[in-house]
Amino acid sequence: MDKKITIAIDGFSSTGKSTLAKQLAAALGYVYVDTGAMYRAVTYFALQNGYIDAAFFDKETLIRSLPFINLQFQFNPDLGFGEMYLNGTNVEQEIRSLRVSNFVSKIAEISEVRAKLVEQQKEMGKDKAIVMDGRDIGTVVFPDAELKIFMTASAQTRAQRRFDELQQKGDAVSYKEVLQNVEERDYIDTHRDDSPLVKAENAIEIDNSHLSREEQFDKVLALVNRIQ
Ligand code: DC
């Protein structure tokens, strides 16, 4: 039987990490975990409770509330992946809004938030056979992962992808706003003190600006087969 491995996928926002991770998990029969959804759910919690808005951030109250934030993925067989539940409520739709995207990097900077989520992520991966995507998976969550992928694409390509997605959902946003959000998040994600986004030393970099989903998937599956 094939050896069960851990696959860590990191990279900038909207580089198609989750598309690749879902394809791999389905092909290998592995669990897929979108760690961005966890940071987004904490952000949604902070917004709903009025702990953060454009002019204000009550970080201390958010930190004190962390024990009362329960995050669970519940597998949806129709979708083929686990949807995010915050304190028992499905928030999969809410956490994908531009409003949440605009605040999530601020929340992801907080060490106490990271410590809580990383602990839960490590636990989810203890039996391997997992594909996890995020920003610090190959560096912090699973430094011993057998396969680490670091995904990049130009900011313009990524903003166009995210803009198309949001338009399809009927979100009234401009391309300019989306590009600005992508660039801001790149900056904050790579410059924060705790677990900044960096390519792990032994990660394989994939620039998918000019790769189709299928080409990218075939490339990574070949890497997996070489390890197993
Ligand atoms: O992958 P995403 O765009 O849904 O992630 C949302 C934000 O969460 C992203 O701007 C950075 C943060 N994040 C993080 O800091 N660490 C992770 N492992 C995953 C996401």
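Everything here concerns the structure above.
Reading guide: rules and limits
Residues numbered from 1 in each chain as written. Predicted model: local features only at pLDDT ≥ 70, side-chain atom pairs only at ≥ 80, totals over all residues. Heavy atoms only, no water. Helix = DSSP H or I, 4+ residues; strand = E, 2+ residues; numbered from the N terminus. Rg over C-alpha atoms; globule rule 2.2 N^0.38 Å. Contact = heavy atoms within 4.5 Å. Areas by Shrake-Rupley, 256 points an atom, 1.4 Å probe, with all protein chains shown as cover. Lys, Arg positive; Asp, Glu negative; His and termini not counted. Charge placed at Lys NZ, Arg CZ, Asp CG, Glu CD. Polar contact = N/O pair within 3.5 Å; in protein donor to acceptor, adjacent residues only side chain to side chain. Buried < 20%, exposed > 50% of the residue type's maximum accessible area, 1.4 Å probe, protein only.

1. As for the overall build of the protein
In terms of regular secondary structure, the protein is built from 9 helices and 10 strands. A compact globule built from 228 residues would reach a C-alpha radius of gyration of about 17 Å, and the protein, at 17 Å, matches this within 12%. C-alpha extents for the protein along the principal axes are approximately 50 × 35 × 35 Å. Within the protein, residue pairs in contact and separated by at least 24 positions form 73% of the contacts whose partners lie at least 6 positions apart. Carbon and sulfur atoms form 49% of the exposed surface of the protein, whose accessible area is close to 11,400 Å². Side-chain charges of the protein comprise 28 positive and 35 negative groups, with the mean position of each set lying 1 Å from the other.

2. Here's the deal with the environment of K199
Assignment of secondary structure puts K199 in the loop between helix 8 (175–191) and strand 10 (204–207). Along the chain, K199 and M151 lie 48 residues apart, while their C-alpha atoms are 8.9 Å from each other. Apart from the residues within four sequence positions on either side, K199 is in contact with F150 and E205. In terms of polar contacts, K199 uses its side chain to reach the backbone carbonyl oxygen of A203, at 3.5 Å.

3. Overview of helix 4 (residues 98–108)
Most of helix 4 is tucked away: 8 of the 11 residues are buried. Those residues of helix 4 that sit buried are L98, V100, S101, F103, V104, S105, I107 and A108.

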